[in-house]
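In case you want the letters, here they are:
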Amino acid sequence: MKRLTNLLILLCCIAMFASCEHSSEKRSRILKIYNWADYIDEDVLAEFPAWYKQQTGEEIRIIYQVFDINEIMLTKIERGHEDFDVVCPSEYIIERMLKKDLLLPIDRNFGKTPDYLPNVSPYIQKELNKTSQPGRVTTDYAVPYMWGTAGILYNKNFISKEEAGSWHCLWNSKNKGKILMKDSYRDAYGTAIIYAHAKQLADGTVTVEQLMNDNSSKAIDLAEKYLKAMKPNISGWEADFGKEMMTKNKTWLNLTWSGDAVWAIEEAAAVGVDLDYEVPQEGSNIWYDGWVIPKYSRNVKAASYFINYLCQPGIAMRNMDAIGYVSAVATPEILEAKTDTTLEQFSDLSYFFGPGADSIQINPVQYPDKKVVQRCAMIRDFGDRTELVLEMWSRVKGDNLNTGIVLLIFSVFGVLFVWLVYAKIRKYKQQQRHRRRRRKTTT
């Protein structure tokens, strides 16, 4: 019997080994993508396998998954060692991944295929490279995808351009119950810190970049004070539904991102609601999302080709049209396609498209003027201080349960669940024994 058991174990191991080997062979023909929801044109995604085969002669199948929070994506890769081949985090998470050695460099050996990565605006590359680490230049590991600002989406029937042009509108009791706040601790933190130092910013004694990246205990306490003072005005915290509420005339103000504002303005116009978007004069957050290859990737080649594919001007424009956000790709084709001569406003886009683009008729929500960009800054990774900011954010929203209590609650529920399962199994076995006794008695 023992010999038979050992033989069965050996056969199982061989089968598992063969299965793993077969799986590994198949994995080389799979590209696992992890991206934000609604953040790519579906046809662009569907057409990649044919393009990849045309370039390399190799078959590829896409497995596509989405996330809605940067930290969830990071946890899966860092702790779960998930083998995603290419993911799209925001700049501060890219910085954190570089610090933790979680990224592989982009392989730019594309064979006969042109290298489209230089199509990315030098301005965006320079900004993203502020997150570089010793021995690691960010743009060797990350390729910018989309970018934008955080600002105020407002209903022009109730809020003037001047009112929306200052963060004060979020603290103005006149707007009580008519404000939707983005459920993003980083944007909320930056907004509160900026508003708290409006006078110093006007005097030029401090910069937006210094303020938003100050995570000292004093700064965290100040942000908490201002956010709690704003809270009575807030009708809800939202991750994605704010833009829809604005299009339905339910609320007047929404702290949101420029890409969502573009979508909301267009949708609202179709139903007769007049919305617009402003980046407040005090300053705001400017953000950048980029594609990276995690260290646990099992198809680095296909991941690199996918990133290169997205940097083609035609593909970039299709993605922009589908999602409302602005591509980091800055080519003459895109400038020409996005120029709108029906607009009265002219914008200086020389920082993005280069010399000659200093007076362009273009959507100012998508492509902010140089003066707007100059009063914005990127929020960096807070490192170990992130936990303190998150605890403050929980207190502001009213979720005062600390991590220990949450774990205790989950442990109690876990024990109860196991006990209930055990009780059901025990009851079932007792019933079975009772039935067997009855059968014997009957016999």
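Residues numbered from 1 in each chain as written. Predicted model: local features only at pLDDT ≥ 70, side-chain atom pairs only at ≥ 80, totals over all residues. Heavy atoms only, no water.

Let's shift gears to unusual backbone geometry. A positive phi angle is found at Asp101, which is not glycine, with a value near 55 degrees. For Asp101, the location among the structural elements is in the loop between helix H4 (91–99) and strand S4 (103–104). Residue class for Asp101 comes out partly exposed when judged on its relative accessible area of 37%. Of note in this structure, Asn249 is not a glycine but carries a positive phi near 65 degrees. Locating Asn249 in the fold gives a position in the loop between helix H13 (242–247) and strand S8 (253–257). (Helix = DSSP H or I, 4+ residues; strand = E, 2+ residues; numbered from the N terminus. Buried < 20%, exposed > 50% of the residue type's maximum accessible area, 1.4 Å probe, protein only.)

Buried residues dominate H4, accounting for eight of its nine residues. Taken together, the buried positions of H4 are Glu91, Tyr92, Ile93, Ile94, Glu95, Arg96, Met97 and Leu98. Asp101 sits one or two positions beyond H4 and adopts a positive phi of about 55 degrees.

Turning to helix H12 (residues 217–230), a few remarks are in order. Taking 1.5 Å per residue, 14 residues should reach 20 Å; H12 reaches 20 Å between its end C-alpha atoms and fits that length. Here the buried face of H12 lies against helix H8 (168–171), strand S6 (179–182), helix H9 (185–196), strand S7 (234–238) and helix H20 (386–397). (Expected span 1.5 Å × (residues − 1). Contact = heavy atoms within 4.5 Å.)

With that out of the way, let us pick up the packing of H9 against H12. For any two helices packed against each other, the geometry is given by the interaxial angle and the distance between the axes. At a minimum axis separation of 9 Å, H9 and H12 run at an interaxial angle of 90 degrees. By the angle between their directions, the pair H9 and H12 is classed as roughly perpendicular. Where H9 approaches H12, its residues Ala188, Tyr189, Ala192, Ile193, Tyr195 and Ala196 are matched on the opposing element by Ala219, Ile220, Leu222, Ala223, Tyr226 and Leu227. In terms of residue class, the contact of H9 with H12 is built from twelve nonpolar, no polar and no charged. (Axes fitted to C-alpha atoms, helices over the stretch in contact; angles between N-to-C directions. Parallel < 35°, antiparallel > 145°, perpendicular 65-115°, else oblique. Nonpolar A, V, L, I, M, F, W, Y, C, P; charged D, E, K, R; others polar.)

Now for the confidence of the model for the chain. Low-pLDDT stretches of the model should not have their predicted coordinates read in fine detail. Here the chain averages 88 in pLDDT, and 84% of its residues register 70 or above. Every residue in residues 1–23 is under pLDDT 50, and counting partners more than four places away or in other chains gives zero contacts. With pLDDT under 50 throughout, residues 435–443 is counted as low confidence; its partners more than four residues away or in other chains account for zero contacts. (pLDDT = per-residue confidence, 0-100.)

Here Glu278 shows up in strand S9 (residues 275–278). Looking at Glu278, the relative accessible area reads 13%, which means it is buried. In terms of polar contacts, Glu278 uses its side chain to reach the side chain of Lys161, at 2.5 Å. Setting aside anything within four residues of it in sequence, one finds Glu278 in contact with Gly151, Ile152, Tyr154, Lys161, Ala164 and Gly165. (Polar contact = N/O pair within 3.5 Å; in protein donor to acceptor, adjacent residues only side chain to side chain.)

Counting buried positions over the 14 residues of strand S5 (residues 142–155) gives 14, a clear majority of the element. Bridge count between S5 and strand S10 (residues 284–294): seven bridges; the pairing is antiparallel. By the bridge assignment for S10, Ala142 is matched with Val292. Judged from the two bridges that link them, S5 and strand S11 (residues 326–327) form a sheet pairing that is antiparallel. Looking at S11, one finds that Met146 is bridged to Ser327. (Pairing = 2+ DSSP bridges.)

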